[in-house]
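Structural description and commentary
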Amino acid sequence: MNEYMALTSNADDLPSLYVNTTQPLHSLLSTARYRIGAVTQILENLAMRGDITTDSVILSDFAMLCCIPLRDGCDVLDVVARRMDAEHS
């Protein structure tokens, strides 16, 4: 595994955001939890509200806002899984 892995949420073919795959596992897990937890909190808050009306453009933007940190968190969890698999091989 390369020391730095580009996040899949990079906006173009020339990545500028990376995860350091050599960081301690607890640090990687904390990073993933922070990103996934932030989106979870926002979605739970929305779920507790009553009727929310919005147009499709706003809904699309909101979905993208949620997808980016979720994808980043999943990328970091993928690094953790690969590291753990490598340790047990």
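This report concerns the structure included in the present document. As the structure is a computational prediction, the values presented were derived from the model and not from experiment.

Cut-offs used in this document
- Residues numbered from 1 in each chain as written.
- Predicted model: local features only at pLDDT ≥ 70, side-chain atom pairs only at ≥ 80, totals over all residues.
- Heavy atoms only, no water.
- Helix = DSSP H or I, 4+ residues; strand = E, 2+ residues; numbered from the N terminus.
- Buried < 20%, exposed > 50% of the residue type's maximum accessible area, 1.4 Å probe, protein only.
- Contact = heavy atoms within 4.5 Å.
- Areas by Shrake-Rupley, 256 points an atom, 1.4 Å probe, with all protein chains shown as cover.
- Lys, Arg positive; Asp, Glu negative; His and termini not counted.
- Charge placed at Lys NZ, Arg CZ, Asp CG, Glu CD.
- Expected span 1.5 Å × (residues − 1).
- Core = buried A, V, L, I, M, F, W, Y, C linked by side-chain atoms within 4.5 Å.
- Salt bridge = Lys/Arg side-chain N within 4 Å of Asp/Glu carboxyl O.

1. Quick notes on the overall build of the protein
When its secondary structure is counted, the protein shows two helices and two strands. Along the protein, helices (α) and strands (β) appear in the sequence β-β-α-α when read from the amino end. Considering only C-alpha atoms, the protein reaches an extent of 50 × 30 × 20 Å along its principal axes. Within the protein, buried positions represent 20% of all 89 residues. Excluding contacts between residues fewer than 6 apart, the proportion of contacts in the protein whose partners are at least 24 apart in sequence is 61%. Surface exposure of the protein reaches about 6600 Å², of which carbon and sulfur atoms provide 58%. The centroid of the 6 positive side-chain charges in the protein is displaced by 6 Å from the centroid of its 12 negative side-chain charges.

2. Remarks on the environment of L17
Structurally, L17 is set in the loop between β1 (4-6) and β2 (18-20). Counting along the chain gives 24 residues from L17 to Q41, while the straight-line C-alpha distance between them is 24 Å.

3. Topic: helix α1 (residues 25-48)
Given 3.6 residues per helical turn, the α-helix brings residues three or four places apart onto the same face. With 24 residues, α1 should cover 34 Å at 1.5 Å per step; its first-to-last C-alpha distance of 34 Å lies within 8% of that length. What α1 keeps buried is the set L28, A32 and V39. Elements in contact with the buried residues of α1: β2 and α2 (56-87).

4. What to know about the nonpolar core
Among the nonpolar cores identified, the biggest contains eight residues, and these are M5, L7, V19, L28, A32, V76, V79 and V80. If you tally residues by element for this core, the top one is α2, at three residues. Apart from residues lying up to four places away in sequence, V19 is in contact with E3, Y4, M5, L7, L28, V76 and V79.

5. A look at the pattern of salt bridges
Enumeration according to the criterion identifies one salt bridge in this entry. The shortest N-O distance in the salt bridge between D78 and R82 comes to 3.0 Å. Note that D78 and R82 are positioned in helix α2 at a spacing of four residues, about one turn of the helix. Residue classification places D78 among the partly exposed positions, given a relative accessible area of 30%.

6. A word on the side chain of D72
With respect to the helices and strands, D72 occurs in helix α2. Notably, D72 is buried but unbridged: the nearest opposite-charge side chain belongs to R35, and the N-O separation is 4.2 Å. Apart from residues no more than four positions distant in its own chain, D72 is found in contact with L7, S9 and R35.

7. What about the side chain of D75?
Its place among the elements puts D75 in helix α2. Lacking a salt bridge, the buried D75 has R71 as its closest oppositely charged neighbour, with an N-O distance of 6.4 Å.

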